[in-house]
Amino acid sequence: MEPFRTLTAIAAPLDLANVDTDQIMPARFMRRPRDERYVAYGFHDLRFEPDGVTRKDFILNRAPFDQAGILVAGRNFGVGSSREAAVYALLAMGIRSVVAESFGDIFFSNALKNGLVPVRLPETTVAGLRSTLVAHPGTTLSVDLETQILTAPGGAAHQFVIPGFARDCLLRGLDEIGLTLTLEAEIAAYEAQHAPSL
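Here the structure is a predicted model, which is why all the values come from computation and not from measurement.

(A) Expanded view of the packing of aromatic side chains. In this structure the tally under the stated criterion is eight aromatic pairs. Among the aromatic residues, ring-to-ring pairing joins Phe29, Tyr38, Tyr41 and Tyr88 into one connected group. Sitting over the face of the ring of Tyr88, Arg34 holds its NZ or CZ atom 3.7 Å from the ring centroid. Here the guanidinium or amino end of Arg120 rests over the ring plane of Phe108, the centre of that ring lying 3.9 Å away.

Shown next, in the form of structure tokens:
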């Protein structure tokens, strides 16, 4: 997993509440291998017509928002079924952080385990950010995980909180398997000590 320390990127306003994981990653793509096609699966039915034609009215299909690394969404982002692939799809699209008033609990957890930083901020703050992004396309935001501060245009700083264990893993670029492997020597020593004698 790529470490996450500070991200400064174009931010896209997604003025939709209750975006569920099936909208982020439609179920029919779930059995596909995680490969370069994932970039097309993210928000697929919002981004494309049934015949595959790109929907020009969807925010992430319009420049400069098609280059966004940060998404500023409505409340309850990522609700619905447990779907780790929803996070994979966002990452494939280049999105490393989502800002919203609230998140689905399982999505929040899956994001932290896979290198995507979910930033919770008050509703008025998030709505204000979306308004700024609509008025000034191409505006960048900065998410600093070390200080847990999101910096908005004009320098306004907004504090957010990521649980300590998850924050440490994100900063180090470690998922749960990677974290376990950092203890490989200790695990081997323990196993050698407790190996059954033949």
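(B) How the structure looks around the pairing of strand β4 (residues 117-120). The pairing of strand β3 (residues 97-100) with β4 spans four bridges and is parallel. Looking at the pairing, Val99 lines up with Val119 of β4. Crossover connection from β3 via helix α5 (residues 105-114) to parallel β4: handedness right-handed.

(C) Looking closely at the packing of helix α4 (residues 84-92) against α5. Direction vectors running N to C along α4 and α5 enclose 50°, while the axes themselves pass 9 Å from each other. With respect to α5, the axis of α4 lies oblique. Here α4 runs over α5; the crossing is right-handed. On the side of α4, the interface is formed by Glu84, Val87, Tyr88, Leu90 and Leu91, while α5 contributes Phe107, Asn110, Ala111 and Asn114.

(D) Quick look at the pattern of salt bridges. Counted by the stated rule, this structure contains seven salt bridges. The salt bridge partner of Glu49 is Arg55, with a shortest N-O separation of 3.4 Å. Exposure remark for Glu49: the relative accessible area of 33% places this residue in the partly exposed category. Taking relative accessible area as the criterion, Arg55 reaches 25% and is therefore assigned partly exposed. The salt bridge involving Asp168 is made with Arg172; its shortest N-O contact spans 3.2 Å.

(E) Region of interest: the environment of Arg120. Checked against the element boundaries, Arg120 lands in strand β4. Remark: the alpha-carbon pair of Arg120 and Gln159, spanning 39 residues in sequence, is separated by 9.0 Å. Ignoring anything within four residues of it in the chain, the contact list for Arg120 reads Ala100, Glu101, Phe103, Phe108 and Phe160.

(F) Local environment of helix α6 (residues 123-135). Taking 1.5 Å per residue as the helical rise, α6 with its 13 residues ought to reach 18 Å, and the 18 Å between its terminal C-alpha atoms agrees with that figure. Taken as a whole, α6 has its buried residues at Thr125, Val126, Leu129, Arg130 and Leu133. Taken down its axis, α6 places every buried residue within 135° of arc, on the same side. Opposite its buried face, α6 presents the exposed residues Thr124, Val134 and Ala135, each directed more than 90 degrees away. Where the residues of α6 are buried, they touch β1 (6-14), β2 (70-73), β3, β5 (140-144), β6 (149-151) and β7 (157-159).

Conventions and cut-offs
- Residues numbered from 1 in each chain as written.
- Predicted model: local features only at pLDDT ≥ 70, side-chain atom pairs only at ≥ 80, totals over all residues.
- Heavy atoms only, no water.
- Phe/Tyr/Trp six-rings, centres within 6.5 Å; stacked < 30°, edge-to-face > 60°.
- Lys NZ or Arg CZ within 6 Å of the ring centre and 35° of its normal.
- Pairing = 2+ DSSP bridges.
- Helix = DSSP H or I, 4+ residues; strand = E, 2+ residues; numbered from the N terminus.
- Right-handed = clockwise from strand over helix to strand, strands pointing away.
- Axes fitted to C-alpha atoms, helices over the stretch in contact; angles between N-to-C directions.
- Parallel < 35°, antiparallel > 145°, perpendicular 65-115°, else oblique.
- Left-handed = near helix turned anticlockwise from the far one by under 90°.
- Contact = heavy atoms within 4.5 Å.
- Salt bridge = Lys/Arg side-chain N within 4 Å of Asp/Glu carboxyl O.
- Buried < 20%, exposed > 50% of the residue type's maximum accessible area, 1.4 Å probe, protein only.
- Expected span 1.5 Å × (residues − 1).
- Arc of directions from axis to C-beta.

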